[in-house]
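Residue strings, one per chain:
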Amino acid sequence: NAGVTQTPKFQVLKTGQSMTLQCAQDMNHEYMSWYRQDPGMGLRLIHYSVGAGITDQGEVPNGYNVSRSTTEDFPLRLLSAAPSQTSVYFCASSPGRKLFFGSGTQLSVL
Amino acid sequence: AQRVTQPEKLLSVFKGAPVELKCNYSYSGSPELFWYVQYSRQRLQLLLRHISRESIKGFTADLNKGETSFHLKKPFAQEEDSAMYYCALSYDDKIIFGKGTRLHILP
């Protein structure tokens, strides 16, 4: 039972590049979410999903897209990376309200 | 707008002294509140939730609806309590967090 798995762990992008942060969970949780963690800003909710085929915006959705085609996977896409998106990204899943977090992806946009 | 406020970025406490990490929230409905902790080189994990009214690792937190607060307390700090602590609010399928407080336990 791996829990919540995020890949990659580290990524460096140039401004304007696109990429997808992967998140997978093997706990059959319906709820999944993405957060970004920045110094002095805490964790901010980007997007969340209450089940396959359903996604919704969080507090800071601009510049990010998500999809939820399966219960297990919830990828986060950056269509055109900007330096302001330099951050640590956390994926989480939940069977109810208790969140289980991944280990994070450290993203730098130059 | 719904909001979670943690007024202290850093709290330094001597080992054996009491700890109180402050959390205030803004929400007009019935709140569901949590404390999460991130130890060095570990994943964020749930510490406790107000619904369960339990004590985890000696920590407790009481929901005060009148003061819209959910402060985290421990009577005697231990060195292993050094970590980043986040207060969180659940509403309308969202879970939002405060900015966090770094707790530093001094020997």
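Definitions and limits used
- Residues numbered from 1 in each chain as written.
- Chains lettered and ligands numbered in written order.
- Predicted model: local features only at pLDDT ≥ 70, side-chain atom pairs only at ≥ 80, totals over all residues.
- Heavy atoms only, no water.
- Helix = DSSP H or I, 4+ residues; strand = E, 2+ residues; numbered from the N terminus.
- Rg over C-alpha atoms; globule rule 2.2 N^0.38 Å.
- Buried < 20%, exposed > 50% of the residue type's maximum accessible area, 1.4 Å probe, protein only.
- Contact = heavy atoms within 4.5 Å.
- Pairing = 2+ DSSP bridges.
- Axes fitted to C-alpha atoms, helices over the stretch in contact; angles between N-to-C directions.
- Buried area = accessible area lost by both parts, 1.4 Å probe.
- Salt bridge = Lys/Arg side-chain N within 4 Å of Asp/Glu carboxyl O.
- Polar contact = N/O pair within 3.5 Å; in protein donor to acceptor, adjacent residues only side chain to side chain.
- Nonpolar A, V, L, I, M, F, W, Y, C, P; charged D, E, K, R; others polar.
- Core = buried A, V, L, I, M, F, W, Y, C linked by side-chain atoms within 4.5 Å.
- Phe/Tyr/Trp six-rings, centres within 6.5 Å; stacked < 30°, edge-to-face > 60°.
- Lys NZ or Arg CZ within 6 Å of the ring centre and 35° of its normal.

**Considering the overall build of chain A**
In step 1: The number of helices and strands found in chain A is zero helices and eleven strands.
In step 2: Against the 2.2 N^0.38 benchmark of 13 Å for 110 residues, chain A shows a C-alpha radius of gyration of 13 Å, consistent with a compact globule.
In step 3: Taking all 110 residues of chain A together, 46% fall into the buried category.
In step 4: When contacts within chain A are restricted to residue pairs at least 6 apart in sequence, those whose partners lie at least 24 apart make up 51%.

**Things to note about the sheet that holds strand β7 (residues 64–66) of chain A**
All names here are of chain A.
In step 1: The four strands lie next to each other as β1-β3-β8-β7, forming an open sheet whose pairing is antiparallel. Here the strands that pair on one side only, and so sit at the sheet edges, are β1 (4–7) and β7. Direction aside, neighbouring strands of the sheet carry axes that sit 20° apart on average.
In step 2: For β7 and strand β8 (residues 76–78), the ladder comprises three bridges, and the chain directions are antiparallel. If you follow Tyr64 over to β8, its bridge partner there is Leu78.

**Quick word on the interface of chain B and chain A**
Put simply, an interface is often sized by how much accessible area is lost when its parts join up.
In step 1: Across the boundary between the two partners, chain B contributes 18 residues, which contact 20 residues of chain A.
In step 2: Taken over both partners, the interface formed by chain B and chain A buries close to 1800 Å², and the fraction arising from carbon and sulfur atoms is 57%.
In step 3: If you sort the residues of chain B by the area they bury against chain A, Arg43, Asp93 and Ile95 of chain B come out on top, with a joint share of 32%.
In step 4: There are two salt bridges connecting chain B and chain A.
In step 5: One salt bridge connects Glu32 of chain B with Arg97 of chain A, and the closest N-O pair in it is separated by 3.8 Å.
In step 6: The tally of links from chain B across to chain A stands at eight residue pairs in polar contact (both at pLDDT 80 or more).
In step 7: Those elements that place two or more of their residues in the side of chain B that touches chain A are β5 (32–38), β6 (45–49), β9 (83–91) and β10 (94–97) of chain B.
In step 8: Looking at the side of chain B that touches chain A residue by residue, the classes come out as eight nonpolar, three polar and seven charged.

**Some thoughts on the sheet that holds strand β8 (residues 72–74) of chain B**
Residues and elements named next belong to chain B.
In step 1: Across the sheet, which stays open at both edges, the three strands sit in the order β3-β8-β7 with antiparallel pairing between neighbours. Looking along the sheet, the strands with just one partner apiece sit at the ends: β3 (19–21) and β7 (60–61).
In step 2: Note that β3 and β8 share three bridges and pair antiparallel. In the strand pairing of β8, Glu20 is matched with Lys73.

**Digging into the pairing of strand β6 (residues 54–57) of chain A**
All names here are of chain A.
In step 1: Note: strand β5 (residues 42–51) against β6, three bridges, orientation antiparallel. Bridging across to β6, Gly51 finds its partner in Ile54.
In step 2: Counted between consecutive antiparallel strands, the loop separating β5 from β6 contains two residues, among which Gly53 sits at a positive phi close to 85°.

**Considering the nonpolar core**
Residue and element names in this part refer to chain B.
In step 1: Counting residues in hydrophobic clusters, the biggest one holds 26 residues, and the most contacted among them are Trp35, Leu72 and Tyr85.
In step 2: Of all the secondary structure elements, the ones that give two or more residues to this core are β2 (10–14), β3, β5, β6, β9 and β11 (101–106).
In step 3: Considering every element that reaches this core, the biggest residue donor is β9, with five residues.
In step 4: Leave out the neighbours within four places in its chain, and Leu72 touches Val19, Glu20, Leu21, Trp35, Leu47, Leu48, Phe59, Thr60, Ala61 and Tyr85.

**A closer look at the packing of aromatic side chains**
Two numbers describe a pair of aromatic rings. These are the distance of the centres and the angle of the planes.
In step 1: Tallying each qualifying case throughout the model produces twelve aromatic pairs over all chains.
In step 2: Here Tyr86 of chain B and Phe97 of chain B contribute two aromatic rings whose centre-to-centre distance is 6.3 Å and whose plane-to-plane angle is 85°, an arrangement assigned as edge-to-face. Placement of the pair is Tyr86 of chain B in strand β9 and Phe97 of chain B in strand β10, with a sequence separation of eleven residues. Of the two residues, Tyr86 of chain B and Phe97 of chain B, neither departs from the other in class, the shared state being buried.
In step 3: Among the aromatic residues, ring-to-ring pairing joins Tyr35, Phe90 and Phe101 of chain A together with Phe34, Tyr36, Tyr86 and Phe97 of chain B into one connected group.
In step 4: The aromatic ring of Phe74 of chain A is capped on one face by Arg68 of chain A, whose charged end is 5.9 Å from the ring centroid.

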